[in-house]
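Observations on the three-dimensional arrangement
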Amino acid sequence: LCPQVPELEKATVRILQPERVRRIIRSLREQGVAKLQVISDFDMTLSRFGCNGRRCPTSYNILDTSRVISEDSKKKLKDLLHYYYPIEIDPNRTLEEKRPLMVEWWTRAHELLAQQKIRKADIAQIVRESEAMLRDGFEEFFDQLHKNKIPLFIFSAGIGDVLEEVIRQANVFYSNINVVSNYMDFDEKGVLTHFKEPLIHTYNKNNTVLQGTGRFQQLSTRTNVILLGDSMGDLSMADGIPIVENILKIGFLNDKVEERRGKYLEAYDIVLESDETLDVVNGILRYILTE
């Protein structure tokens, strides 16, 4: 496919239109580092989906399953998941149907969490005790972007305070990283009272929640995008960028691979099936960035 990126030959890689992918990668390299930005989801995209046959936690799970949540609330949060998650991934429901239900789910979960008197000072320890892991190869990924001053825009429907802590504990929270996510609001004693606006769920992760913030405007000269996601909702993350010349969409297909493969192949340029690494992303970056 692209001899300069041998990682694309991995068995986990599937591509519907190899010629198109080759063309985009070549353009990204030719137009250079100054025009590039990376927009990525966090949970199950930069963080691992599983390890040794066990599921790894999302930023919400890290909190949901921690010692600071009462048993009763853990059960309620699990009930919400069992009710709303099938709706979130149901291929037969429209986005119009899903959106209000996602707002309902996130709002109810946030209210439950806010009742737990979670302390800001406990978050680092909660993350340390969790089984959260970034994907293999994360050091090279974060280091390359930082060293080459490429903005990394993390757009997450998870919990910003928690995912930032995961990245910080991995020693890769660099100045080129910008996170848009659901952030907690603490009172003067450092106790969680509520979550800040805007609420970000799976299906509004695009410029609708960023209008007027100037987040994308400051990157308007960076018209080439590598987009990383693991769900259909992630595909619209670059929608707020004024001008996009080239966009390479890389999708991690973590779960229900057989039944979702077709949809992912149509939506993403490169699909990585049950691949817990950032090898392919790193290989592409290495090729784009080498002189």
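Looking at an unreviewed UniProt entry, the chain carries the name 5'-nucleotidase, with the source organism given as Calyptomena viridis. In its Subunit (unreviewed entry) section, the UniProt record describing the chain reads: "Monomer." Listed under Function (unreviewed entry) in UniProt, the entry text for the chain is "Specifically hydrolyzes 7-methylguanosine monophosphate (m(7)GMP) to 7-methylguanosine and inorganic phosphate. The specific activity for m(7)GMP may protect cells against undesired salvage of m(7)GMP and its incorporation into nucleic acids. Also has weak activity for CMP. UMP and purine nucleotides are poor substrates."

With that settled, the discussion passes to the packing of aromatic side chains. What the rule picks out here adds up to 7 aromatic pairs. Aromatic side chains Y84 and W105 sit 5.8 Å apart centroid to centroid with 10 degrees between the ring planes, which places their arrangement in the stacked category. In this pair, Y84 is assigned in helix α3 (residues 71-89) and W105 in helix α4 (residues 95-114), connecting sequence segments 21 residues apart. Look at W105 and you get buried, because its relative accessible area is 11%. In this structure an aromatic cluster arises from ring pairing among Y60, Y83, Y84, W105 and W106. A cation over a ring is seen here: R135 above F252, with NZ or CZ 3.9 Å from the ring centre. The ring centre of F173 lies 4.9 Å from the NZ or CZ of R168, which sits over that ring.

On to the domain arrangement of the chain. Split by domain assignment, the chain resolves into domain 1 (6-51 + 133-289) and domain 2 (54-129). A C-alpha centroid distance of 21 Å is found between domain 1 and domain 2. Of the residues lining the interface, 34 residues belong to domain 1; the matching set on domain 2 comes to 30 residues. Together, the buried faces of domain 1 and domain 2 total about 2800 Å²; carbon and sulfur atoms form 66% of this surface. Put simply, domain 1 and domain 2 have 0 salt bridges between them. Seen at the junction of domain 1 and domain 2, the total is 13 residue pairs in polar contact (both at pLDDT 80 or more). Looking at the side of domain 1 that touches domain 2, the elements with two or more residues in it are β3 (50-51), β5 (152-159), α7 (160-169), β7 (184-186), β8 (192-195) and α8 (257-267). No other element matches the 6 residues that α7 contributes to the side of domain 1 that touches domain 2. For the side of domain 1 that touches domain 2, a count of residues per class yields 17 nonpolar, 9 polar and 8 charged.

The rules behind the values
Residues numbered from 1 in each chain as written. Predicted model: local features only at pLDDT ≥ 70, side-chain atom pairs only at ≥ 80, totals over all residues. Heavy atoms only, no water. UniProt positions renumbered as here; feature names shortened; annotations may be inferred. Phe/Tyr/Trp six-rings, centres within 6.5 Å; stacked < 30°, edge-to-face > 60°. Helix = DSSP H or I, 4+ residues; strand = E, 2+ residues; numbered from the N terminus. Buried < 20%, exposed > 50% of the residue type's maximum accessible area, 1.4 Å probe, protein only. Lys NZ or Arg CZ within 6 Å of the ring centre and 35° of its normal. Domains from an automatic or database assignment. Contact = heavy atoms within 4.5 Å. Buried area = accessible area lost by both parts, 1.4 Å probe. Salt bridge = Lys/Arg side-chain N within 4 Å of Asp/Glu carboxyl O. Polar contact = N/O pair within 3.5 Å; in protein donor to acceptor, adjacent residues only side chain to side chain. Nonpolar A, V, L, I, M, F, W, Y, C, P; charged D, E, K, R; others polar.

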